[in-house]
Amino acid sequence: MPLLVQLDTFNTGSGNLTVFEKIIPGTIKRVFYIYGAGETQRGGHRHHKTWNALVCIHGSCRIYSNDGEKEEIFILDNPVSCLILEPKDWHIMDSFSDDAILLVLSNEYYDKADYIDEPYSLNQLIQTVSQ
């Protein structure tokens, strides 16, 4: 299942510094960010081998996850919160605030063959996410 962690953050009179290190296995090979998404859904897949770390560095968004055994919904609304998605975690990202910027760090390069679009058997939570 996904793991929500608090990133090390150092607050000083000259601002805040948040550190991302030793969070996902391997080396970070891909970084992208989503913004201007509004109420659209993003994601809708899981992976064969890719781990992802999601940080909403501005605004907020909702993440639905299903690992085939358990469903969860996470709200990312603080840049020190990081959601770790394992390859098995089928996920949907939605409910983006107008000012949301969702940063995603991956330990694999983009490879279409790594994506699994078929969801697990879905229960009640997915119905609330789809509405």
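My aim in this report is to walk through the structure given alongside it, one point at a time. What you see is a predicted model, and the numbers here were worked out from it, not measured in a lab.

**Re the environment of Lys-29**
Moving on, step 1. Mapped onto the fold, Lys-29 is located in the loop between strand 3 (15-19) and strand 4 (30-35).
Moving on, step 2. The class of Lys-29 is partly exposed, set by a relative accessible area of 36%.
Moving on, step 3. Leaving out residues up to four positions away in the same chain, Lys-29 has contacts with Ser-106, Asn-107, Glu-108 and Tyr-109.

**Comments concerning the state of the cysteines**
Moving on, step 1. Within this structure, the stated rule accounts for zero disulfides.
Moving on, step 2. Of all cysteine sulfurs in the structure, the one in Cys-61 sits closest to Cys-56, which takes part in no disulfide; the separation is 4.2 Å.
Moving on, step 3. As a non-bridged cysteine, Cys-82 has Cys-56 as the owner of its nearest cysteine sulfur, 12 Å distant.

**Examining the environment of Gly-36**
Moving on, step 1. Turning to its location among the elements, Gly-36 is positioned in the loop between strand 4 and strand 5 (42-47).
Moving on, step 2. Sequence separation between Gly-36 and Val-104 is 68 residues; the distance between their C-alpha atoms is 15 Å.

**Focus: the side chain of Arg-62**
Moving on, step 1. Structurally, Arg-62 is set in strand 7 (residues 61-66).
Moving on, step 2. Under the relative-accessibility criterion, Arg-62 is labelled buried at 16%.

**Some words on the pattern of salt bridges**
Side chains that differ in charge, positive against negative, can pair when their charged atoms come close.
Moving on, step 1. Tallying each qualifying case throughout the model produces two salt bridges.
Moving on, step 2. Residues Asp-94 and Arg-62 are paired through a salt bridge, measuring 2.9 Å at the closest nitrogen-oxygen approach. In this pair, Asp-94 sits in strand 10 (residues 90-94) while Arg-62 sits in strand 7, placing the two residues 32 residues apart along the sequence.

**Some thoughts on the sheet that holds strand 5**
Strands pair in a sheet through their backbones, by hydrogen bonds, and they do so in one of two ways: parallel or antiparallel.
Moving on, step 1. Spatially, five strands are ordered 8-7-10-5-12 in an open sheet, and the strand pairing comes out antiparallel. Each edge of the sheet is formed by a strand with only one pairing partner; in this case those strands are strand 8 (71-76) and strand 12 (115-116).
Moving on, step 2. Note: strand 5 against strand 10, three bridges, orientation antiparallel. Counted as the bridge partner of Gly-43 is Ile-92 from strand 10.

**A look at the environment of Trp-51**
Moving on, step 1. Secondary-structure assignment places Trp-51 in the loop between strand 5 and strand 6 (52-58).
Moving on, step 2. A sequence separation of 54 residues divides Trp-51 from Leu-105, and the C-alpha atoms of the two residues are 8.4 Å apart.
Moving on, step 3. The contacts of Trp-51, once residues within four sequence positions are left out, are Ile-24, Pro-25, Ile-84, Leu-85, Glu-86, Pro-87, Leu-105, Ser-106 and Asn-107.

**Structural notes on the packing of aromatic side chains**
Moving on, step 1. One pass over the full model with this rule turns up three aromatic pairs.
Moving on, step 2. Taking 6.3 Å as the distance between ring centres and 80° as the angle between the ring planes, the aromatic pair formed by Tyr-64 and Trp-90 counts as edge-to-face. With Tyr-64 in strand 7 and Trp-90 in strand 10, this pair connects stretches of sequence that are 26 residues apart.
Moving on, step 3. Classification of Tyr-64 by relative accessible area gives buried; the value is 0%.
Moving on, step 4. Arg-46 extends its terminal NZ or CZ atom over the ring of Tyr-120, reaching a point 4.2 Å from the ring centre.

**Observations regarding the nonpolar core**
Moving on, step 1. One finds Leu-54, Ile-63, Leu-76, Phe-96 and Leu-102 to be the most contacted residues of the largest nonpolar core, which totals 15 residues.
Moving on, step 2. Put simply, the parts of the chain that give this core at least two residues each are strand 6, strand 7, strand 8, strand 9 (81-85) and strand 11 (101-106).
Moving on, step 3. Ile-24, Cys-82, Ile-84 and Leu-105 belong to the second largest nonpolar core, which has eight residues in total.

Each value, and the rule that gives it
- Residues numbered from 1 in each chain as written.
- Predicted model: local features only at pLDDT ≥ 70, side-chain atom pairs only at ≥ 80, totals over all residues.
- Heavy atoms only, no water.
- Helix = DSSP H or I, 4+ residues; strand = E, 2+ residues; numbered from the N terminus.
- Buried < 20%, exposed > 50% of the residue type's maximum accessible area, 1.4 Å probe, protein only.
- Contact = heavy atoms within 4.5 Å.
- Disulfide = S-S within 2.5 Å.
- Salt bridge = Lys/Arg side-chain N within 4 Å of Asp/Glu carboxyl O.
- Pairing = 2+ DSSP bridges.
- Phe/Tyr/Trp six-rings, centres within 6.5 Å; stacked < 30°, edge-to-face > 60°.
- Lys NZ or Arg CZ within 6 Å of the ring centre and 35° of its normal.
- Core = buried A, V, L, I, M, F, W, Y, C linked by side-chain atoms within 4.5 Å.

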